[in-house]
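Okay, here's what each chain looks like letter by letter:
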Amino acid sequence: MVIEGTTSTPGTQGQAVNAVRVAAAIVERLPREFLPETTELRQPYLHPYDLRGDVTRVEIKLLVRAFTEAELRGVRTP
């Protein structure tokens with residue numbers, strides 16, 4: 001997943017979109033019941049394992065683990 005942001009200089013309020021802050025908000029909104037640290041054995045999960053970039057562009061890598069199609073349909077990103 002890639003988030004594209006924009007930059008602006010001080011004094012141009014409301015024009016910047018900080019891709020780092022957007023990425024952090026996305027990761028924070030992942031359902032807690034599907035995080036690896038809250039699952040066990042063969043439960044499905046969403047694992048954000050890499051986040052890199054800067055204010056203008058961030059890439060988030062997520063590992064989606066599910067063992068059935070029904071589980072996969074139930075594991076959705078925000």
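First, a word on scope: everything that follows refers to the structure included in this document. Bear in mind that the values here come from a model prediction, so they are computed numbers and not experimental data.

**Quick look at the pattern of salt bridges**
Applying the stated criterion to the full structure yields three salt bridges. Between Glu28 and Arg32 there is a salt bridge, with the nearest N and O atoms lying 2.8 Å from each other. For Glu28, a relative accessible area of 51% puts it in the exposed group. Across the salt bridge formed by Arg52 and Asp50, the nearest N and O atoms sit 3.0 Å from each other.

**Description of the sheet that holds strand E2 (residues 45-54)**
Taken in spatial order, the three strands make up an open sheet running E1-E3-E2, and their pairing is antiparallel. The strands lining the two open edges of the sheet, one partner per strand, are strand E1 (2-4) and E2. Mean inter-strand twist for the sheet, computed between neighbouring axes without regard to direction, equals 20 degrees. As paired strands, E2 and strand E3 (residues 57-65) are joined by nine bridges and run antiparallel to one another. Following the sheet pairing, Asp50 is matched in E3 by Lys61. Contacts from helix H1 (residues 19-28) reach E1, E2 and E3, with the element oriented near 15 degrees to E3.

Calculation criteria
- Residues numbered from 1 in each chain as written.
- Predicted model: local features only at pLDDT ≥ 70, side-chain atom pairs only at ≥ 80, totals over all residues.
- Heavy atoms only, no water.
- Salt bridge = Lys/Arg side-chain N within 4 Å of Asp/Glu carboxyl O.
- Buried < 20%, exposed > 50% of the residue type's maximum accessible area, 1.4 Å probe, protein only.
- Pairing = 2+ DSSP bridges.
- Helix = DSSP H or I, 4+ residues; strand = E, 2+ residues; numbered from the N terminus.
- Axes fitted to C-alpha atoms, helices over the stretch in contact; angles between N-to-C directions.
- Contact = heavy atoms within 4.5 Å.

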